[in-house]
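Structural features, examined
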Amino acid sequence: MEGKAITKKAFWAIIIGGMLTGMGNGSVFGAALMCLLGRGGFSNWGGIYGAAYDPATFTGFIDWAMIVFGIAFVGILFVGLTQHDALERAARR
């Protein structure tokens, strides 16, 4: 009898781990962008309320980069663990 798939057992680990890792990498991307370009192209830094998520502001751009990186890493973890599960199931047969 086969057990649950790894992706079902690790659902919350995929979501939390992927978002934390991806958003961490997105913040590093934002820091590197800030060091490279400065705030030159952004007229407003956008630090409070809704402006913090407005992509036209500097902070909003970085926040959206972090969210996109987080979602991408959730996808990467899901695909990786799905492939790992398929290899383990094939090895058991």
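Our subject in this report is the structure included herewith.

Calculation notes
- Residues numbered from 1 in each chain as written.
- Predicted model: local features only at pLDDT ≥ 70, side-chain atom pairs only at ≥ 80, totals over all residues.
- Heavy atoms only, no water.
- Helix = DSSP H or I, 4+ residues; strand = E, 2+ residues; numbered from the N terminus.
- Rg over C-alpha atoms; globule rule 2.2 N^0.38 Å.
- Buried < 20%, exposed > 50% of the residue type's maximum accessible area, 1.4 Å probe, protein only.
- Areas by Shrake-Rupley, 256 points an atom, 1.4 Å probe, with all protein chains shown as cover.
- Salt bridge = Lys/Arg side-chain N within 4 Å of Asp/Glu carboxyl O.
- Phe/Tyr/Trp six-rings, centres within 6.5 Å; stacked < 30°, edge-to-face > 60°.

1. Examining the overall build of the protein
Secondary structure assignment for the protein yields three helices and zero strands. In sequence order, the secondary structure elements of the protein are arranged as α-α-α. What you see for the protein is a C-alpha radius of gyration of 18 Å, clearly larger than the 12 Å of a compact globule of 93 residues, by over 25%. Projected onto its principal axes, the C-alpha coordinates of the protein cover approximately 60 × 25 × 15 Å. Looking at the protein residue by residue over its 93 residues, the buried ones come to 26%. Carbon and sulfur atoms provide 72% of the accessible area of the protein, an area that totals close to 6400 Å².

2. Some remarks on the pattern of salt bridges
Summed over the entire model, instances satisfying the criterion amount to two salt bridges. Aspartate 85 is the partner of arginine 89 in a salt bridge, and the nearest nitrogen-oxygen pair spans 2.9 Å. On the criterion of helical spacing, the pair formed by arginine 89 and aspartate 85 is a turn pair, its members being four residues apart in helix α3 (residues 58-92). On the basis of relative accessibility, which here comes to 9%, the residue aspartate 85 falls in the buried class.

3. Some thoughts on the packing of aromatic side chains
Under the criterion given, the structure shown has two aromatic pairs. Their ring planes at 80° and their centres at 5.1 Å tell us that phenylalanine 11 and tryptophan 12 sit as a pair that is edge-to-face. Phenylalanine 11 gets classed as partly exposed once you look at its relative accessible area, which sits at 43%. When its relative accessible area of 59% is taken as the criterion, tryptophan 12 is described as exposed.

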